[in-house]
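# Observations on the model geometry
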Amino acid sequence: MRLRTLLVLLAVVPTAAMATQVVVTADRLLEQSAHLRSDVAAGERIGLPLYELMTALQAERTATAALWAGPSASAEAVRTRRAATDRAAAEFRRAAGESGAGSEEADRRVREVLEGLDELTTHRDRADSRVGSPDSTVAFYSGVISQTIRFYQDAFSHTDDGELAQESQVVVTMFSASEMLAREDTVLALAGPSRELTTTRFADLVNAVGAHRYLYDRWIVPYLPPEDSDRYSALVGSQAWQAKNRIENHIMSDHKDIAFGVRLPREAAGWPAAHATWAAEVEALNAARTRGLLAHADAKAAALETEVTWLISVSGGALLIVVVVVTATTRSVLRRLRVLHDRTVTVAEQTLPDVVARLQQGRPVDDDALPSVRGDRDEVGRISDAFARVVAVSVDGHRQLAAERHGFGSFATGIASRTGNLVSRQLTLTEELQDSFGSDEALLAQLMRADQLTVGMRRQIENLLILAGGEIPDPHTDPMRVADLLREAAAEVEDFRRIDRQALDEISVDARVISQISHLLAELLDNATRFSPPRSRVIVRAELVADGLSVEVEDRGPRVSAERYAEMNARLHSAPPYAVLAENAHRLGLFVVGHLADQLDATVTLRRSVYGGTSAVVIIPERLLVPTEREEVRRTAARSHIPAQPVSPVVPAPTTPAPAAPAPVSPLPVVPVPAAPPPTDAASGPRGADGGKPELVLHVGSGLPVRPTHERAPDRAQAGAGAARPVARGGDARPALPERVPQTHMAEQLRTARPAGGGTAAQDADSSGGTVRDEASPEEVADAWAEYEDGTRKVEEELRQDQP
């Protein structure tokens, strides 16, 4: 998950949670306010009519009890009470029919009250007819009144406001206390003029007195608001209430037990007058407390609605501020992180690779381009500083590695140069032995073998020099034909007899890159001969193409997968570190070829051959090619009808300690002429007799090229004129050079006469003992090379036969 998404979630989740909490709280408060509004509406619509009905039923109950007590009770008073009850019942029915009571419990109480009212007529008729007992009639009225009180008890029971619940409980308790007073009035009415009560009725009277006194003293007076508390104090201090208390006290203390019950004292006769006075005050107190409860509930509902309004307003503002702050903070963090990301990516993808490349190339590095430690205290700044320190450590490590690589390269270059000098001296010694024992063909073959192995050793040393970052010094001063270049590259390979060369175009290579191209092709040819069957042929062909010169090396080796070709081609185009070189020490040829291709700006591609083997295609840029001088000389001589003078390439040896590149092979083998060894410069290696670079020497019997030596440095004019002039010995003079006798040291096959147009080199010499012509047609070169190989094979067979 992206960091931007996480920050957005970090901003959205708390905001959404806070908004949800506000909505839930507001919804709860609004629901509570709605309940209170519903309770207030139900109380005003049903509660007040129900209270009127309750007081009417209490008065009717007392009148009905008096009617049961004796004929002295006025029937008109009963009808008046019943009429008042009917009016209150009608009003209650109308209010209950408009809508519900606000809660399930209150609705159930309303239905119970309505059911009791439906039975009211029946009980009235029974009371008028004196059917049943007065106790059952009183119990019916008491049951309906109890249902009305329970309505008030259930009306506010679902509210979550503790204060309103307590106030509603006080109201219900006041109704219960007034009901106790009404029952006390009813029991005294049942006593009648005789003031006699049964034991059960007297017990009900005593319970009613104790109950209403306990309720007022314990559960009503302590919880009355100030205004209602003052009204109650006024009620208690009135004469009527004092008279009530005196009558109750006399009843409790002065009653007399009779055979079937209790006879009340005479003071009980003053009860109706006192009751008529304080009863109205009790009803007014109850009604006031009921209206106060409804008003308080309405105020609570309004307060809740106001609280919701403030909650939404304040929470909305707070949410807006939170959103703004979180958005600004998120944008700031994202902006800084984006800057840090862009800077990090730039350093990681551009600056650091460029610095590493410069360090690997030994170039200086600008430290200002690297990130620096700023010392910021926040988290993003500390991350930036940590990244800067990581980059600094990485650059220091690469700088140290580059220094070690450069040091190792210098060390390897020095070792390669010294070893190359030794190899050159070894080649010089081999040439001296060849010159001295050239007549012994068996020994000469062994010397040729040693010479070939030494050449391979020199190529490996040059590989080390190339991989260490050095360059092969090129001793060539004249361009070389492609055919000679292919021959020189093939001569560097141990199994050179399996190589077929095809130079399809006559073109030459610039002298500056002859050694590099020869070494590159030698590595490819060596690789082709090593990884192909021993008796298979390796073909190397060269021809001009649109981009320059194409040289293709094709073998008959085993099949290679496409993935392996991709891996090897990648290895050709990248300079690996020493760790990779160490892991692939047995396959360094491809790395050497890659290095040389980079230096030459050439391209090397490995692919599958049509014969199933591997084909290596080298494209040498056109800028490294030059026209062939021999072709130009030959065309000029043909136009003027004058015999062309031979042009022999003179390839000097390197003057530096580094190993020299292979020299071209002459089309025909030439007999070497022994000469006295010239002085050797320990610092610069062997040099020619004239102080210049040694020339190329070709050996009889093998035709293999070796590195130029210092033994022969005759003047070119003398070489062109014919035989060498003898020099008299004496003093510091050099010994006389032996004369060259044509065909004396040539193989038997080369002495035979050739058909017309294909004479040997000896036959092409002029009559004055002149110069041996090394210029030949491609057909002559091919025939000479075939004869040379045939002679070499015969010599090897003879040597093997002579061995025990």
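It should be emphasised that the depicted structure is a prediction, and the values quoted were computed from it without experimental measurement. (Residues numbered from 1 in each chain as written. Predicted model: local features only at pLDDT ≥ 70, side-chain atom pairs only at ≥ 80, totals over all residues. Heavy atoms only, no water.)

Let's shift gears to the overall build of the protein chain. Across its full length, the protein chain holds 21 helices and 13 strands. With the model as given, the accessible surface of the protein chain reaches about 40600 Å², and the carbon-plus-sulfur share is 56%. (Helix = DSSP H or I, 4+ residues; strand = E, 2+ residues; numbered from the N terminus. Areas by Shrake-Rupley, 256 points an atom, 1.4 Å probe, with all protein chains shown as cover.)

Next up on the list: the nonpolar core. Counting 47 residues, the largest nonpolar core has L520, L525 and V551 as the members making the most contacts within it. If we ignore the near neighbours within four places in the chain, the residues touching L520 are V593, L596, A597, L600, V604 and V618. Ranked by size, the runner-up nonpolar core spans 38 residues in total, among them M54, A88, A95 and V110. (Core = buried A, V, L, I, M, F, W, Y, C linked by side-chain atoms within 4.5 Å. Buried < 20%, exposed > 50% of the residue type's maximum accessible area, 1.4 Å probe, protein only. Contact = heavy atoms within 4.5 Å.)

Our next topic: the sheet that holds strand β11 (residues 625-626). Taken together, three strands build an open sheet; the order of strands is β4-β6-β11 and the sheet is antiparallel. Looking at strand neighbours, the two that pair on one side only are β4 (480-481) and β11, the edges of this open sheet. By the bridge criterion, two bridges tie strand β6 (residues 508-509) to β11 in an arrangement that is antiparallel. Bridged to V509 within β11 is L625. (Pairing = 2+ DSSP bridges.)

Moving on, we come to the confidence of the model for the protein chain. Residues with a pLDDT of 70 or more make up 73% of the protein chain, whose mean pLDDT is 75. A low-confidence stretch, residues 637-735 stays under pLDDT 50, and its non-local contacts, those more than four residues away or across chains, total 239 contacts. Confidence over residues 752-774 falls short of pLDDT 50; this stretch has 44 contacts with residues more than four positions distant or in other chains. (pLDDT = per-residue confidence, 0-100.)

Per the counting criterion, the structure on display carries nine aromatic pairs. Measuring from ring centre to ring centre gives 5.2 Å for Y216 and Y232, while their planes differ by 20 degrees; the resulting arrangement is stacked. Separated by 16 residues along the polypeptide, Y216 in helix α7 (residues 199-220) and Y232 in helix α8 (residues 226-237) bring together distant segments of the chain. Y216 gets classed as buried once you look at its relative accessible area, which sits at 1%. Aromatic pair W271 and W278: ring centres 5.6 Å apart, planes at 75 degrees, arrangement edge-to-face. Grouping residues by exposure puts W271 and W278 together as buried. The positively charged end of R130 is found above the aromatic ring belonging to W68, 5.6 Å away from the centroid. In this structure, R218 packs its charged tip against the face of W219, placed 4.4 Å from the ring centre. (Phe/Tyr/Trp six-rings, centres within 6.5 Å; stacked < 30°, edge-to-face > 60°. Lys NZ or Arg CZ within 6 Å of the ring centre and 35° of its normal.)

On to the environment of I517, then. Mapped onto the elements of the fold, I517 is located in helix α14 (residues 514-530). Residue classification places I517 among the buried residues on the basis of a relative accessible area of 2%. Taking the C-alpha atoms as reference, I517 lies 8.6 Å from I620; in sequence the two are 103 residues apart. Those residues in contact with I517, other than ones at most four positions away along the chain, are L485, V509, L600 and I620.

The next point concerns the pattern of salt bridges. Any two side chains of opposite charge can pair, so long as their charged atoms come close to each other. Under the definition given, this model contains 31 salt bridges. The partner of E76 in a salt bridge is R79, with the nearest N and O atoms 2.5 Å apart. In this pair, E76 and R79 both sit in helix α2 (residues 75-98), three residues apart, roughly one turn of the helix. Taken together, the salt bridges that share partners define one network made up of E60, R82, D86, R124 and D128. (Salt bridge = Lys/Arg side-chain N within 4 Å of Asp/Glu carboxyl O.)

Across the interface, helix α12 (residues 441-467) lies against α14 with an axial gap of 12 Å and an inter-helix angle of 115 degrees. Two packed elements cross with a definite hand, and for α12 against α14 that hand is left-handed. Here α12 contributes R459, E462, N463 and I466 to the contact with α14, which in turn contributes H519, A522, E523 and D526. Grouping the amino acids of the contact of α12 with α14 by side-chain chemistry returns two nonpolar, two polar and four charged. (Axes fitted to C-alpha atoms, helices over the stretch in contact; angles between N-to-C directions. Left-handed = near helix turned anticlockwise from the far one by under 90°. Nonpolar A, V, L, I, M, F, W, Y, C, P; charged D, E, K, R; others polar.)

Taken in spatial order, the five strands line up as β5-β7-β8-β10-β9 in an open sheet, and their pairing is mixed. Two strands close off the open sheet at either side, each with one partner strand: β5 (499-503) and β9 (603-608). Going from strand to strand, the sheet's axes swing by 15 degrees on average, the running direction of each strand aside. Looking at chain direction, strand β7 (residues 538-545) and strand β8 (residues 548-554) are connected through seven bridges and run antiparallel. Each residue of the ladder has a partner; that of R541, found in β8, is E552. This element, α14, spans β5, β7, β8, β9 and β10 (614-621) of the sheet and lies at about 175 degrees to β10.

So, about a positive patch on the surface. On the surface, R2, R4, R331, R335 and R338 cluster together to form a positively charged patch. Sort the elements by how many residues they give to the positive patch and helix α10 (residues 271-360) lands first, with three residues. (Patch = residues over 30% accessible without salt bridge, like charges linked within 9 Å, V, L, I, M, F, W, Y side chains within 5 Å. Lys, Arg positive; Asp, Glu negative; His and termini not counted. Charge placed at Lys NZ, Arg CZ, Asp CG, Glu CD.)

In this section: the packing of α8 against helix α9 (residues 239-254). Running from amino to carboxyl end, α8 crosses α9 at an angle of 60 degrees, the nearest separation of the two axes being 5 Å. Classified by the angle between their axes, α8 and α9 sit oblique to one another. In contact with L235, V236 and G237 of α8, α9 contributes Q239, W241 and Q242. When grouped by side-chain class, the residues that make up the contact of α8 with α9 number three nonpolar, three polar and no charged. (Parallel < 35°, antiparallel > 145°, perpendicular 65-115°, else oblique.)

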